[in-house]
Amino acid sequence: MTATFTARGLTAIVLPLAALTGLAGAAQADDWTPTRSIEFIAPANPGGGWDTLVRTVSRVIQEEGLAERSFGAINVPGGGGAVAWAQIARDTGNPHKLFATSPPIILVPLAGTSRYDHTDFTPVARLITDYSIILVKADSPYEDLNELFEAIAENPSLSIGGGSAPGSMDHISMAGVAAAAGLDAASVNYIPFSGGGEAMTNLMGGHVAAVITGAGEASGQLGEGSGLRPLGVSSPERLGGVLADIPTYQEQGIDYTFDIWRGVMGTPDMPEEAVAYYEALFAEMLETDGWEAARDQLGWINAYQNSEEFGDFLDEQKEQFSTILGDLGLLGG
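Calculation criteria
Residues numbered from 1 in each chain as written. Predicted model: local features only at pLDDT ≥ 70, side-chain atom pairs only at ≥ 80, totals over all residues. Heavy atoms only, no water. Helix = DSSP H or I, 4+ residues; strand = E, 2+ residues; numbered from the N terminus. Buried < 20%, exposed > 50% of the residue type's maximum accessible area, 1.4 Å probe, protein only. Contact = heavy atoms within 4.5 Å. Areas by Shrake-Rupley, 256 points an atom, 1.4 Å probe, with all protein chains shown as cover. Lys, Arg positive; Asp, Glu negative; His and termini not counted. Charge placed at Lys NZ, Arg CZ, Asp CG, Glu CD. pLDDT = per-residue confidence, 0-100. Axes fitted to C-alpha atoms, helices over the stretch in contact; angles between N-to-C directions. Parallel < 35°, antiparallel > 145°, perpendicular 65-115°, else oblique. Left-handed = near helix turned anticlockwise from the far one by under 90°. Nonpolar A, V, L, I, M, F, W, Y, C, P; charged D, E, K, R; others polar. Phe/Tyr/Trp six-rings, centres within 6.5 Å; stacked < 30°, edge-to-face > 60°. Core = buried A, V, L, I, M, F, W, Y, C linked by side-chain atoms within 4.5 Å. Polar contact = N/O pair within 3.5 Å; in protein donor to acceptor, adjacent residues only side chain to side chain. Pairing = 2+ DSSP bridges. Salt bridge = Lys/Arg side-chain N within 4 Å of Asp/Glu carboxyl O.

A. View of the overall build of the chain. A count of helical and extended segments in the chain gives 11 helices and 11 strands. In terms of its C-alpha atoms, the chain occupies a principal-axis envelope of roughly 60 × 45 × 35 Å. Across the 333 residues of the chain, 58% fall into the buried class. Residue pairs at least 24 apart in sequence account for 81% of intrachain contacts in the chain once pairs closer than 6 positions are excluded. Summed over its atoms, the accessible surface of the chain is roughly 13000 Å², and 47% of this surface lies on carbon and sulfur atoms. Looking at charge distribution, the chain has the averaged site of its 15 positive side-chain charges lying 7 Å from that of its 43 negative ones.

B. Representation of the confidence of the model for the chain. Looking at the chain as a whole, its pLDDT mean stands at 88, while 91% of the residues score no less than 70. Predicted confidence is poor over residues 1–29, with pLDDT under 50, and the contacts of this stretch with residues over four places away or in other chains come to 50 contacts.

C. Representation of the packing of helix α2 (residues 49–63) against helix α10 (residues 289–298). Axis separation between α2 and α10 bottoms out at 9 Å; the angle between their running directions is 155 degrees. On the basis of their axis angle, the class for α2 and α10 is roughly antiparallel. Where α2 crosses over α10, the handedness of that crossing is right-handed. Where α2 approaches α10, its residues T52, L53, T56, V57, R59 and V60 are matched on the opposing element by G290, W291, A294 and L298. Across the contact of α2 with α10, the residue classes break down as six nonpolar, three polar and one charged.

D. Examining the packing of aromatic side chains more closely. Tallied over the entire structure, the rule returns 13 aromatic pairs. Both rings, one in Y249 and one in Y256, keep their centres 6.2 Å apart while their planes meet at 20 degrees; by these two values the pair is stacked. Seen in terms of ring centroids, Y278 and F282 are 6.4 Å apart; in terms of plane orientation they differ by 25 degrees. Their pairing is stacked. Placement of the pair is Y278 and F282 together in helix α9 (residues 272–285), with a separation of four residues, close to one helical turn. Both residues of the pair, Y278 and F282, count as buried. Three or more aromatic residues joined by ring pairs make a cluster, and in this case those are W32, F40, F71, Y277, Y278 and F282.

E. View of the nonpolar core. Residues L98, L127, I134, Y278, F282 and M285 are the most contacted members of the largest nonpolar core, which totals 89 residues. Counting residues per element, this core draws most heavily on α9, which supplies eight residues. Excluding residues that lie within four positions of it along the chain, L127 makes contacts with L53, V57, R262, G263, V264, F282, M285, L286, I301, N302, A303 and Y304. Membership of the second largest hydrophobic core comes to 17 residues, among which are Y131, F193, M200 and V233.

F. Local environment of the side chain of Q317. Summarising the element assignment, Q317 is placed in helix α11 (residues 307–328). A relative accessible area of 6% means that Q317 is categorised as buried. A distance of 3.0 Å separates the side chain of Q317 from the side chain of Q320, its partner in a polar contact.

G. Highlighting the pairing of strand β11 (residues 301–305). Most of β11 is tucked away: four of the five residues are buried. By the bridge criterion, three bridges tie strand β5 (residues 122–137) to β11 in an arrangement that is antiparallel. Each bridged residue has a counterpart across the sheet, and for T129 the counterpart in β11 is I301.

H. Geometry of the pattern of salt bridges. Under the criterion given, the structure shown has nine salt bridges. For E217, the salt bridge is made with R262, and the minimal N-O distance between the two is 3.5 Å. Here E217 is found in helix α8 (residues 215–219), whereas its partner R262 is found in strand β10 (residues 256–266), with 45 residues between them in sequence. Note on accessibility: E217 and R262 belong to one class, buried. Here the salt bridges do not stand alone but share partners, grouping D130, E217 and R262 into one network.

Have a look at this one:
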């Protein structure tokens, strides 16, 4: 079975797009600059993919001297993102509030657990592609993905933890790879936690058999003596840095990939001049040495889209994920 969710080949044209958008947006961005610190929200607990993106972006912008105002990282956990989205949705037009986003902004509303979806907010920019990684404890009996799935086939109650809500990103990613391995995707015993950090804590405590999370957020916890054994990544090719030795799903005979795009959105009806400012800022950030070093360490791939392109991409993602959730019987009413 082949199941592939790709970035539509956009990574090949990332840097030219970023450069062009930076130049085009600069003149418009001159019309507006922040007058106070920017609230940069991660809609989950510390340690997950949104938190990693928010803190990495904030740090690089500061270290590279790209903005006169600081970006303050704020965690607002709950509901797979829904708690933060409800708060942000009430702050219409505020140009000093941004939040990290990824597939849950599509998946959680489709599953019926948030009244807000991507159309309620302002797309600012897509930044990167991350991938899923499946981890077990270092003393786990499972040496590779096939051994894990064979065990699940024999004992469907084996639990797989993830840092997103039921029907959201980690669940969909796990269901997809399980289906590609020949299992009933709907029967996977997925246990949701409020962020990848909490999922990892429960793995180390022996409360779940394995965890699926973002490769980037897990990279800082891997290496000798980590107590973790990575079984596979959802990328089409092996990643770099500390993730370089981890085999892909495809290398293990499971024909499946899963992209985790990550980007930035703003409040409803954010002023166009503020959007232009942030587009230019993020495009410039992607060109810096500091960002390149952080990106490579985390196993991310640049996948820049400006506000308009990102908005169109989100609409396409909604159509795609509606079909997937429907097939799993997880589409909300």
